[in-house]
Each structure stands twice: as structure tokens, then as C-alpha cells.
Amino acid sequence: MSTIGFIGLGIMGSPMAGHLVKAGHDVTGYDIGPKGLEKLKEAGGSAAASVAEAVSDKNVIITMLPQDEHIEQVFPEIVEHSVPGSLYIDFSTITPKTAKWTAEQGKKNGLRVLDAPVSGGENGAINAALSIMVGGSEADFAAATPIFEAVGKTFALVGGSGAGQCVKAANQLVVGGTYALVAEAILLMENLGADAAKGLDVLAGGLAGSKILELKRETMLARNFVPGFRIDLHHKDMGIILQAAREAEVSIPMGALTAQLIAAGRAMGYGSLDHSGLLLVAEALSGRGEA
Ligand code: NAD
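Residues numbered from 1 in each chain as written. Predicted model: local features only at pLDDT ≥ 70, side-chain atom pairs only at ≥ 80, totals over all residues. Heavy atoms only, no water.

As annotated in an unreviewed UniProt entry, the chain is NAD(P)-dependent oxidoreductase from Nocardia suismassiliense. Entered under Sequence similarities (unreviewed entry) in the UniProt record, the comment concerning the chain runs "Belongs to the HIBADH-related family." (UniProt positions renumbered as here; feature names shortened; annotations may be inferred.)

See the structure below:
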């Protein structure tokens with residue numbers, strides 16, 4: 001069993017830290033807000049008053065923070081206060097570039113670093129059923145396996161440092177693009193007089209089928225956009241995707257278009273809605289709906 005310092009106890013981090021306690025690990029958490037710390041204490045973990053306190057003397061350090069700037073802010077403190085040889089796992093979704101930077105800085109300071117972004121949303125975190133895409137070395141991946149088993153169902157080493165974030169970017173590209181197309185399909189069917197609910201049932205059972213159609217077609221038709229995964233966070237992820245494509249010198253026109261649709265949703269005031277709220281953007285572009 002590990003001693004774990006867990007930084008970032010929000011929507012995702014809070015249930016993940018709870019599962020690690022349940023699995024028998026000794027978990028100390030830190031967050032700038034009180035809510036996650038209270039929940040961790042209720043779950044049987046301890047609360048630290050600073051990053052330094054959370055990470056000193058731990059053999060595993062975990063972050064689950066919103067974006068690059070938070071990792072850039074917290075990581076130097078982790079390096080400064082952690083024990084050489086400890087394992088650092090970043091579950092946040094950030095750019096491959098920042099993930100590689102943590103790996104390089106970590107290596108210089110004796111920290112073993114894995115980038116391990118997750119997919120599966122809040123439900124996946126609550127049910128310990130996340131998919132985890134991991135970048136780093138085979139030895140560190142093997143050492144982290146008990147941690148991944150406690151919070152996820154599917155996990156794989158997908159390459160060296162930063163590769164986990166590359167795969168997560170690809171995941172978000174497909175998810176965003178699929179939502180944009182499902183939204184247009186709904187708009188088309190509803191405005192041509194077809195039964196959109198039955199139509200989506202048929203689509204879900206054929207080649208057009210997807211997890212998104214399976215899980216979200218009913219809530220989309222009902223215009224229920226309670227998150228889930230917020231448009232604001234997907235907007236952040238589209239920025240990561242476009243930056244990664246630029247660095248790789250590849251052209252992703254569908255990704256660029258999806259990024260603009262998500263940006264439009266945000267500009268229309270839908271940032272705090274679920275990303276299936278792209279249906280509202282599709283409606284607005286056709287002068288339909290409430291927008
Ligand atoms: P969140 O905003 O709910 O949680 C982030 C937590 O980090 C907050 O509690 C915040 O107070 C804390 N925090 C911010 N700065 C801090 C600092 N300097 N020190 C300590 N704590 C700090 O976000 P979330 O939904 O849990 O997402 C976390 C990451 O997981 C993001 O990168 C997101 O893209 C990714 N993700 C989210 C989902 C989802 O469905 N919510 C799914 C997959 C991946």
C-alpha cells in the first residue's frame with residue numbers, strides 16, 4: 001500500500017481520492033477550497049494545509065487539476081518538497097508539452113513521472129470505472145498499476161512522456177466532433193418531420209452508432225444539458241488539440257471547425273452546460289430553438 005499526496009479534490013479528484021482510501025492507501029489531500037478536503041476526511045483520508053505538507057514523505061503524488069497553468073504553478077512545489085524516487089501521476093487533462101516538461105523536470109530531481117489523463121466523466125470517477133491513457137516508462141506504469149486499478153477499469157501505457165495526453169487529445173477530438181454531428185442529425189430529422197427519437201434509435205444500432213448516441217440521445221432530445229462535462233472544459237481541451245496539431249505540423253480541419261462550434265457555445269453563454277449542449281449551437285445557426 002502507498003502513502004499518497006493527492007492535490008485537486010474537485011468533481012473528479014474527490015471520488016478518485018475516496019476510492020484510493022477504500023483500496024487501503026494512506027491518502028493526504030490538498031485543495032485550495034474546503035469542500036474536497038472535508039469529503040476526503042469523511043472518507044477516511046487526511047487534509048493537508050499546503051502542497052508541501054501533502055507531498056512530503058509520500059511515495060506517490062497525484063494531481064487532478066483543471067489545466068496547464070495549475071500544473072505549472074503546483075509542480076515546482078511538488079519537486080521541491082517530495083522525496084527523491086517517489087512516483088508522480090498527473091490525471092489532469094493538459095497539453096502534451098506541459099506533460100513532457102514535468103517529466104523532464106521530474107527526472108532532473110529524481111521524481112518518476114507519468115501523464116495519465118482519464119476518460120469516463122464524473123460517473124466514471126464515482127464508479128471507479130475510468131479509462132486511463134498513460135505516458136511514461138514501463139517500470140513506472142507497472143509501479144502505478146495498483147493506483148490505476150483503484151480508480152479505473154481500462155488503462156494502458158500508450159507511449160513515452162506526453163503520449164497519454166496525445167491520446168486524450170484524440171479522444172476529445174472524436175467526442176467533440178461526434179456531438180457536433182449528432183446535434184446536426186437531430187436538427188435535420190426534427191425539421192424534416194421525421195420521428196427523431198426513433199431515428200436516433202436506428203442510428204444507434206447501425207454504423208453511425210456510438211457511445212454518445214447510446215448514452216446521450218434521450219437527454220439531447222429532451223434538451224437536458226445538465227453536466228456531465230462542461231462546454232468550458234471542452235473549450236480548454238480543443239485549445240490543447242489545436243496546439244498539439246500545430247506542434248505535430250498536421251492539419252485537422254474537422255477539429256478546427258469543432259473548436260469554433262464549442263467556442264460559439266461558450267460565447268452564447270452555454271459554457272456551464274454539458275457539451276451535448278452543442279445542439280443549442282446547431283439550432284442557433286439555423287435560427288431555431290431559444291437562442
Ligand atoms: P474541478 O474544477 O471540479 O476540480 C479541480 C480542483 O482543483 C478544484 O477543487 C480546485 O479547487 C482545485 N485547485 C485548483 N487550483 C489548485 C491549486 N493551485 N492547488 C490545489 N488545488 C487546486 O475539475 P474536474 O472536473 O475535477 O477536472 C479536473 C481535470 O480532469 C481537468 O483537467 C478536466 O479536463 C479533466 N477531466 C474532467 C472530466 C469531467 O467530466 N469533469 C472528465 C475527464 C477529465
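That shown, we press on.
Draft legend 1. Examining the UniProt feature "domain: 3-hydroxyisobutyrate dehydrogenase-like NAD-binding" (unreviewed entry) in the chain more closely. Those places that UniProt annotates as "domain: 3-hydroxyisobutyrate dehydrogenase-like NAD-binding" (unreviewed entry) correspond, in this numbering, to residues 162-279. The span residues 162-279 shows a helical share of 75% and a strand share of 0%, and its end C-alpha atoms are spaced 32 Å apart. (Helix = DSSP H or I, 4+ residues; strand = E, 2+ residues; numbered from the N terminus.)

Draft legend 2. A look at the domain arrangement of the chain. Here the chain is partitioned into domain 1 (3-161) and domain 2 (166-285). Taking only C-alpha atoms into account, the centre of domain 1 sits 28 Å from that of domain 2. Between domain 1 and domain 2, the residue contacts involve 12 residues of the former and 10 residues of the latter. A per-residue breakdown of the area domain 1 buries against domain 2 is headed by T93, P96 and M133, which together make up 39% of the total. Along the contact surface separating domain 1 from domain 2 lie 0 salt bridges. Linking domain 1 with domain 2 are 3 residue pairs in polar contact (both at pLDDT 80 or more). (Domains from an automatic or database assignment. Contact = heavy atoms within 4.5 Å. Buried area = accessible area lost by both parts, 1.4 Å probe. Salt bridge = Lys/Arg side-chain N within 4 Å of Asp/Glu carboxyl O. Polar contact = N/O pair within 3.5 Å; in protein donor to acceptor, adjacent residues only side chain to side chain.)

Draft legend 3. Highlighting the packing of helix 1 (residues 13-22) against helix 7 (residues 138-151). Where helix 1 meets helix 7, the axes come as close as 8 Å, and the angle between the chain directions of the two elements is 115°. Between helix 1 and helix 7 lies a crossing whose hand is right-handed. Contacts between helix 1 and helix 7 involve M16, H19 and L20 from the former and I147, A150 and V151 from the latter. Across the contact of helix 1 with helix 7, the residue classes tally to 5 nonpolar, 1 polar and no charged. (Axes fitted to C-alpha atoms, helices over the stretch in contact; angles between N-to-C directions. Left-handed = near helix turned anticlockwise from the far one by under 90°. Nonpolar A, V, L, I, M, F, W, Y, C, P; charged D, E, K, R; others polar.)

Draft legend 4. Molecular detail of the pattern of salt bridges. By the definition in use, this model includes 10 salt bridges. Ionic pairing is found between R223 and E283, a salt bridge with its closest N-O pair at 2.5 Å. With R223 in the loop between helix 10 (211-221) and helix 11 (231-248) and E283 in helix 13 (residues 278-285), the pair connects residues that are 60 residues apart, well separated along the chain. By relative accessible area, which is 8% here, E283 ends up buried. Salt bridges sharing partners connect three or more residues here, namely E190, R223 and E283. (Buried < 20%, exposed > 50% of the residue type's maximum accessible area, 1.4 Å probe, protein only.)

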